[in-house]
Every structure is written in C-alpha cells, then in structure tokens.
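Understanding the architecture of this molecule
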Amino acid sequence: AASVSDRLLLFFWILWIDRIFMPSVDDSRDPRVYLAVERTFLAWIRTGLALMGFGFVVARFGLFLRELASMRVVSTADLSGLSVPVGTGLIVIGVAVNILASINHVRFIKRLNEGTPVVGRPSALALVVALLLAAAGLAMAIYLGSHEIR
C-alpha cells in the first residue's frame with residue numbers, strides 16, 4: 001500500500017506533467033462563454049421588447065379611456081392624461097435598452113475575440129434600467145396614492 005507521502009508526490013508529479021505537456025485552456029475561446037454572452041444579449045432584447053409592448057398598452061389604454069369619455073361612459077374628470085406620456089416613455093426606454101444591449105454585446109464579443117481579459121463587473125445598463133423602472137414605479141405609486149379611488 002502506498003503511503004500518504006507517496007500519494008502526494010504522485011499527485012504533484014501529475015500536476016507538474018499536466019502543466020508542461022498539456023496546452024493551457026483559454027476560457028475566452030470556450031464556446032460556452034460565447035453562448036452565455038448570446039443568452040444575456042437575448043435576455044436584454046426580451047426586456048426591451050417587453051418595455052416597448054407595455055408602453056404601447058399603457059398609451060393605448062389612455063386613448064381608450066378618452067374614447068369612453070367622448071361617448072359619456074366615463075367622466076372626463078377621471079382622466080389624467082398621463083398614460084400617453086408614460087407609455088411613450090416606456091417605449092423610448094425599451095428602444096434605448098435594445099440599442100445599448102446591442103452596443104454592449106458587440107463590444108463584449110470584440111473583447112473576447114481579442115483575448116482581452118473580461119472581468120466581472122456590474123452591468124451599467126441593468127443598473128440604469130432598474131433605477132428608471134423603480135423611479136417610474138414610485139411615481140405611479142405616489143400618483144395613485146394621491147388620488148381618491150371611487
């Protein structure tokens with residue numbers, strides 16, 4: 001039976017041989033890295049499309065309420081007129097997310113292809129979108145809280 005020291009010696013010898021004769025693996029050339037970057041890009045595209053779709057629904061709902069008011073089904077006092085600007089703002093944010101996601105994706109792939117080390121860092125795009133949506137949510141909560149529900 002081999003002693004513990006013999007096993008350790010064998011282990012380190014194998015590691016040494018592995019470093020000398022085995023080629024080093026470049027993580028930036030690993031296809032899984034490119035596929036992960038692609039999945040992230042597609043997730044940002046979905047987010048942008050969802051924002052644009054939601055903005056369209058918000059804007060169209062305001063127009064629907066105006067039509068109801070013109071038919072005297074809903075009083076004009078109940079309409080705030082904020083749905084079109086808010087909906088348009090969400091559409092613009094969605095477009096900006098898609099444009100910025102495309103730019104970030106191209107830059108990231110270029111850095112991977114050049115072999116530049118890519119260090120993990122927080123996504124500026126994600127932080128900006130999260131803060132904008134949090135501000136919009138807060139503004140909606142304040143608006144709804146300031147108006148009496150009938």
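Structural notes on the side chain of His 105
Looking at where His 105 falls in the secondary structure, it is placed in helix H3 (residues 83-114). Overall, the relative accessible area of 14% leaves His 105 in the buried class.

Considering a nonpolar patch on the surface
A contiguous nonpolar patch, built from Val 4, Leu 8, Phe 11, Phe 12 and Leu 15 and spanning about 510 Å² of accessible area, is present on the exposed surface. Along the chain, the position of Leu 8 falls in helix H1 (residues 4-21). We classify Leu 8 as partly exposed; its relative accessible area is 45%.

Some thoughts on the nonpolar core
Phe 41, Trp 44, Leu 51, Val 58, Leu 90, Ile 93, Val 97, Ala 101, Leu 125 and Val 129 form the largest nonpolar core, which has ten residues in total. Mapped onto this core, the elements with two or more residues apiece are helix H2 (31-70), H3 and helix H4 (124-146). Excluding residues that lie within four positions of it along the chain, Val 58 makes contacts with Ser 83, Val 86, Gly 87 and Leu 90.

About the criteria used
- Residues numbered from 1 in each chain as written.
- Predicted model: local features only at pLDDT ≥ 70, side-chain atom pairs only at ≥ 80, totals over all residues.
- Heavy atoms only, no water.
- Helix = DSSP H or I, 4+ residues; strand = E, 2+ residues; numbered from the N terminus.
- Buried < 20%, exposed > 50% of the residue type's maximum accessible area, 1.4 Å probe, protein only.
- Patch = residues over 30% accessible without salt bridge, like charges linked within 9 Å, V, L, I, M, F, W, Y side chains within 5 Å.
- Areas by Shrake-Rupley, 256 points an atom, 1.4 Å probe, with all protein chains shown as cover.
- Salt bridge = Lys/Arg side-chain N within 4 Å of Asp/Glu carboxyl O.
- Core = buried A, V, L, I, M, F, W, Y, C linked by side-chain atoms within 4.5 Å.
- Contact = heavy atoms within 4.5 Å.

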